[in-house]
Amino acid sequence: VRGYLRTNAAGANLNREWADNSYVVRDDDTAENTSGTRTVPYEAPTLHRSPEVACVLAKMDQVGDCHVFLDVHGDEGLPFNFLAISVVPNWQPHRQALHGAFAAAYCRANPDMQTQYGYPAVLYNPNRNTLNKATNQMGYRFAHSNCLAM
């Protein structure tokens, strides 16, 4: 669906284009046979489908550091402004504390920001690729600089 929420003109969901991923599809999508499934690799980002993400990542890799990556969320299902938290294997207590301090300061500075409502905090699951999401990719990719990705 072009132009819906996070999509670009090619129809790519730009918040899911930050790393390769795979997804499961049915071999036969009829009501009579739904048992056969297969995993299809999904290469991302690409210059054809998501040049916005590919160019930003290339420049960030060239620079080599990212200390803060801020993705302020407003969700169509949640009528609140909030900060998401990275779901990455190398998220450290230090970055968790920085996230809390930043969120508290943001709430003091902006009456529209709040911390009560938002996406639930989840732990990293190696069986479920979440590194294709912008915030998670930045927190993981720039862990060497303690990137506070939200």
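Residues numbered from 1 in each chain as written. Predicted model: local features only at pLDDT ≥ 70, side-chain atom pairs only at ≥ 80, totals over all residues. Heavy atoms only, no water.

A.B. asks: Would you explain the nonpolar core in this entry?
C.D. replies: Buried together is how nonpolar side chains tend to be arranged in soluble globular proteins. Listed in full, the 11 residues of the largest apolar core are Trp 18, Val 53, Leu 57, Met 60, Cys 66, Phe 69, Ala 134, Met 138, Phe 142, Cys 147 and Ala 149. It is helix H1 (residues 51–63) that provides the largest number of residues to this core, a total of three residues. In contact with Met 60, not counting residues within four places along its chain, are Asp 65, Cys 66, Phe 69, Met 138 and Phe 142. In this structure, Leu 83, Ile 85, Val 88 and Met 113 belong to the second largest nonpolar core, which totals 10 residues. (Core = buried A, V, L, I, M, F, W, Y, C linked by side-chain atoms within 4.5 Å. Buried < 20%, exposed > 50% of the residue type's maximum accessible area, 1.4 Å probe, protein only. Helix = DSSP H or I, 4+ residues; strand = E, 2+ residues; numbered from the N terminus. Contact = heavy atoms within 4.5 Å.)

A.B. asks: Help me understand the environment of Glu 52, please; the structure alone is not making it clear to me.
C.D. replies: With respect to the helices and strands, Glu 52 occurs in helix H1. Given the relative accessible area of 38%, Glu 52 is considered partly exposed. Separated by 35 residues in the primary sequence, Glu 52 and Glu 17 place their C-alpha atoms 9.5 Å from one another. When near neighbours in sequence (up to four residues on either side) are disregarded, Glu 52 contacts Asn 8 and Leu 14.

A.B. asks: Can you walk me through helix H3 (residues 134–141) in this structure?
C.D. replies: For H3, the tally of buried residues reaches six of eight residues, placing the bulk of the element in the interior. For H3, the complete set of buried residues consists of Ala 134, Thr 135, Asn 136, Gln 137, Met 138 and Gly 139. The elements touched by buried residues of H3 are H1, strand S3 (68–69), helix H2 (93–109) and strand S6 (148–149).

The values are spatial; any link to function lies outside them.
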